[in-house]
Amino acid sequence: MPEVSLQGLVKKFTLGNHLALKDVSLDVEAGEFVALVGPSGCGKSTTLRILAGLEEADAGDIFLGDVRVNDVPPDQRDIAMVFQGYALYPTMTVRENMSFPLRMRKVKAPEAEERVDTAATLLKIGNLLDRRPHQLSGGERQRVAMGRAIVRNPRVFLFDEPLSNLDAALRTELRVEIAELVRKLGRTALYVTHDQAEAMTMADRIAVMHQGVVQSYASPRDTYERPATAFVAGFLGNPRMNLLDASVQGRMVRASPFAFEWSGADTVRKVGLRPEELGLADRGIEAKVIGLEPLGAETHVRVEANGQILVLRVRGFAKHRVGDKVHLSPSPAHFHAFDENGDRVEERA
Amino acid sequence: MMRPRKWIDPTWMLAPTLILLVVFFIAPVGIAIYQSLFSWDLLTPPKPVGGANYIALLKSGELFWVTGRTLLFSAMVVSGAMSLGLSLALLLNRRGLWFSFVRSAVFSAYVVSWVAVALLWLWILDPDRGIVAKALHLAGVGSVKLLNHPDTVLPVLAGVTVWKITGYAMIMFLTGLQAIPNEVVEAARLDGAGALSRFRFIIWPMLRPTATFVGTTSLVISFQAFDVVRVMTQGGPVRASTLFVYAIYESIFMNLRVGTASALTVVFFVVLLSLSWLQIRMWRQKA
């Protein structure tokens, strides 16, 4: 039985009768770390807030274990949430912040103190316990917010873009820590982010959402290597996958500037190719370099071939210059094919 | 630092404010202090009496009673306006046309002039034709002259003042409430805090600076109450509603005792000055 099960969630927003969630279903196994990713407004935060009980779904069911919790108030759902803005209580010290959920649950003071100390040690914030939130840095505040969630020892952790207010270096450092911590505690976690690197590195499974619908729900590797829809294909990966309009003629798929043999259905309307799979070669389709983005470890090369602009990735610094002629020869095995609805089309074996 | 080419240039620019300040503030205070040292009835030439006016005020107990009465009045106004303003702010801190209409309605009383408010309540409380009298009559209670009884007159005046300034308190508290991030309140909900605990442990501590500000400003407003007294009770019955500013007015325009009035004014000035100092200090702490 899944630890968390969302079934057919629908959420209307009164403003403009806009559907925030169209039909969201998601099962999360016990101890699993699931990332919800997608562009702003895709419904990922709304999904999390409905699960927390901070908002009500207009239709659909929410299960924690085998209990339907639609009508259970948020504080009785055994769920802790870490917010984007940390949501610390500014008038309380760190210790008071962390012990607040225990105090509200009438946990005895000595036990509460012990649990706060344990969590503080785990998060390396033992020296901050007597400070107030405004005296802490962003990273420290986020640790305190984590601590406040941990002391409750909840069944499920929810994270709503917890790192998006921090600088890049700290984000990378903390995302490792959070993932390790949650695994160490053996708890189930749902993690909302718009940062694909966080989703890829932290999660056991990634749910990609778009316009109130879960577009794909799979392991990071599957999501990346075999994207379920053209949207997912374009959303994950940096630089983005090259997506080209395509048509099928007999046994050939034509997606200018490419054409390759195809043994699958003739419903292919889009073809995608990841920048790293678009290798440079001595022979093949001729292209002109129109832009270079050297990043050190790799360079993103923008080329134009037959009026089509493509991005490809090469290791280190490229030896090419803008205006150079190059050749492209991608392997047909690397092409991703999608039909007119954007759904993945597989080649027949 | 840049120096003006001619000393007269900055003086010109400062002049409008400076003139207003001197004519309407500094000079009157100076004159009041000066006049408080004389005995003068506006008809015969003033006689210098030194500190006699102050001593007389202290000896007669006038100063004690007026100050005490005003403080009692202020206590009622401040506590009333703050608790009512906070309750309304908590109730009306919601989206929607209806709530914004009610908010505007409550605030509108604050915009109306003091005299109009006083007249309005004079009619409402009229012992013969007022709504309150009618309601009491229907309820079987005989005619109650709220404004004519020394025990009820001060609470009634305080009530009218509260009615007028509650809108101000409400708007201030609403601003304070809206400055509290939604996330913080939601976190408290998830942490298991019910509505009362959320107010007690989260919202109220965060509203405290606002409350301090509302408290000090309404204290100053209530200390300056005059129009309500002048229009509704003229200080009566038996001086039970003679508040500080009205006492000053009475002694100069009714009793023609300019010296006594000036002495009262000076004391009042000192009291208000300390209240304002308190206010500014708390404001700084808030910032």
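Residues numbered from 1 in each chain as written. Chains lettered and ligands numbered in written order. Predicted model: local features only at pLDDT ≥ 70, side-chain atom pairs only at ≥ 80, totals over all residues. Heavy atoms only, no water.

A. Up close: the overall build of chain B. A count of helices and strands for chain B gives twelve helices and two strands. In chain B, the succession of helices and strands from N to C terminus is α-β-β-α-α-α-α-α-α-α-α-α-α-α. C-alpha extents for chain B along the principal axes are approximately 75 × 75 × 35 Å. Evaluated residue by residue, chain B yields a buried proportion of 39% over its 287 residues. Sequence-distant contacts in chain B: of pairs separated by 6 or more residues, those separated by 24 or more amount to 69%. Counting every atom, chain B has about 16,700 Å² of accessible surface; 70% of that belongs to carbon and sulfur. A gap of 5 Å separates the mean positions of the 23 positive and 11 negative side-chain charges of chain B. (Helix = DSSP H or I, 4+ residues; strand = E, 2+ residues; numbered from the N terminus. Buried < 20%, exposed > 50% of the residue type's maximum accessible area, 1.4 Å probe, protein only. Contact = heavy atoms within 4.5 Å. Areas by Shrake-Rupley, 256 points an atom, 1.4 Å probe, with all protein chains shown as cover. Lys, Arg positive; Asp, Glu negative; His and termini not counted. Charge placed at Lys NZ, Arg CZ, Asp CG, Glu CD.)

B. Highlighting the domain arrangement of chain A. All names here are of chain A. Considered domain by domain, chain A is made up of domain 1 (4-234) and domain 2 (238-345). Distance between the C-alpha centres of domain 1 and domain 2: 37 Å. Counting each side, the surface lost to burial between domain 1 and domain 2 is near 940 Å², with a carbon and sulfur contribution of 48%. When the area that domain 1 buries against domain 2 is broken down by residue, the three leading residues are Y224, A230 and G234, summing to 48%. Linking domain 1 with domain 2 are six residue pairs in polar contact (both at pLDDT 80 or more), by the criterion used here. Those elements that place two or more of their residues in the side of domain 1 that touches domain 2 are α7 (220-225) and α8 (230-235). Per-class residue counts for the side of domain 1 that touches domain 2 are five nonpolar, four polar and two charged. (Domains from an automatic or database assignment. Buried area = accessible area lost by both parts, 1.4 Å probe. Polar contact = N/O pair within 3.5 Å; in protein donor to acceptor, adjacent residues only side chain to side chain. Nonpolar A, V, L, I, M, F, W, Y, C, P; charged D, E, K, R; others polar.)

C. Seen up close, the side chain of A:R77. All names here are of chain A. Within the secondary structure, R77 is located in the loop between β5 (67-68) and β6 (79-82). D71 is the oppositely charged side chain nearest to the buried, salt-bridge-free R77, at an N-O distance of 6.9 Å. At a separation of 3.3 Å, a polar atom in the side chain of R77 contacts the main-chain carbonyl oxygen of N70. With residues up to four places along the chain from it excluded, the contact list for R77 reads I50, L51, A52, G53, I62, L64, V69, N70 and V72. (Salt bridge = Lys/Arg side-chain N within 4 Å of Asp/Glu carboxyl O.)

D. Representation of the pairing of strand β20 (residues 325-328) of chain A within the structure. All names here are of chain A. Burial along β20 is one-sided: V326 and L328 are buried, while K325 and H327, pointing the other way, are not. Alignment of strand β16 (residues 280-281) against β20, held across two bridges, turns out to be antiparallel. Looking across to β20, one finds that L280 is bridged to L328. The pairing of strand β17 (residues 285-294) with β20 spans four bridges and is classified as antiparallel. Looking at the pairing, E286 lines up with H327 of β20. (Pairing = 2+ DSSP bridges.)

E. Just the pattern of salt bridges, in detail. On inspection of all chains with the given rule, the structure shows 25 salt bridges over all chains. Ionic pairing is found between B:D191 and A:R152, a salt bridge with its closest N-O pair at 3.8 Å. Of the two residues, B:D191 sits in the loop between α8 (182-190) and α9 (195-223) while A:R152 sits in the loop between α4 (138-150) and β7 (156-160), which places them in two different chains. Classification of A:R152 by relative accessible area gives buried; the value is 8%. Connected through shared salt-bridge partners, A:R49, A:E55 and B:E186 make up one network.

F. Structural view of the nonpolar core. Counting residues in hydrophobic clusters, the biggest one holds 44 residues, and the most contacted among them are A:M98, A:F159 and A:I178. Judged by nonpolar contacts, the second largest core, of 40 residues, contains A:L36, A:A87, A:V214 and B:A193. (Core = buried A, V, L, I, M, F, W, Y, C linked by side-chain atoms within 4.5 Å.)

G. Just the side chain of B:S218, in detail. Residues and elements named next belong to chain B. Here S218 lies in helix α9. The class of S218 is buried, set by a relative accessible area of 1%. A polar side-chain atom of S218 sits 2.6 Å from the main-chain carbonyl oxygen of V214. For S218, the contacting residues outside a window of four places in its chain are V78 and I165.

H. Focus on the sheet that holds strand β15 (residues 270-273) of chain A. Strands sit in the order β11-β15-β21-β22 (chain A) across an open sheet of four strands; the sheet is antiparallel. Two strands lie at the open edges of the sheet, namely β11 (242-245) and β22 (344-345) of chain A, each paired on one side alone.

I. Region of the structure containing the sheet that holds β6(A). Residues and elements named next belong to chain A. Pairing in this open sheet of six strands is mixed, and the strands run β6-β7-β8-β3-β9-β10 from one edge to the other. The open sheet has two edge strands with one neighbour each: β6 and β10 (213-218). Going across the sheet, the axis of each strand differs from the next one's by a mean of 20°, ignoring polarity. Relative to strand β8 (residues 188-193), β7 runs parallel, the two being bridged by five bridges. Across the sheet, residue F159 finds its bridge partner in β8, namely Y191. (Axes fitted to C-alpha atoms, helices over the stretch in contact; angles between N-to-C directions.)

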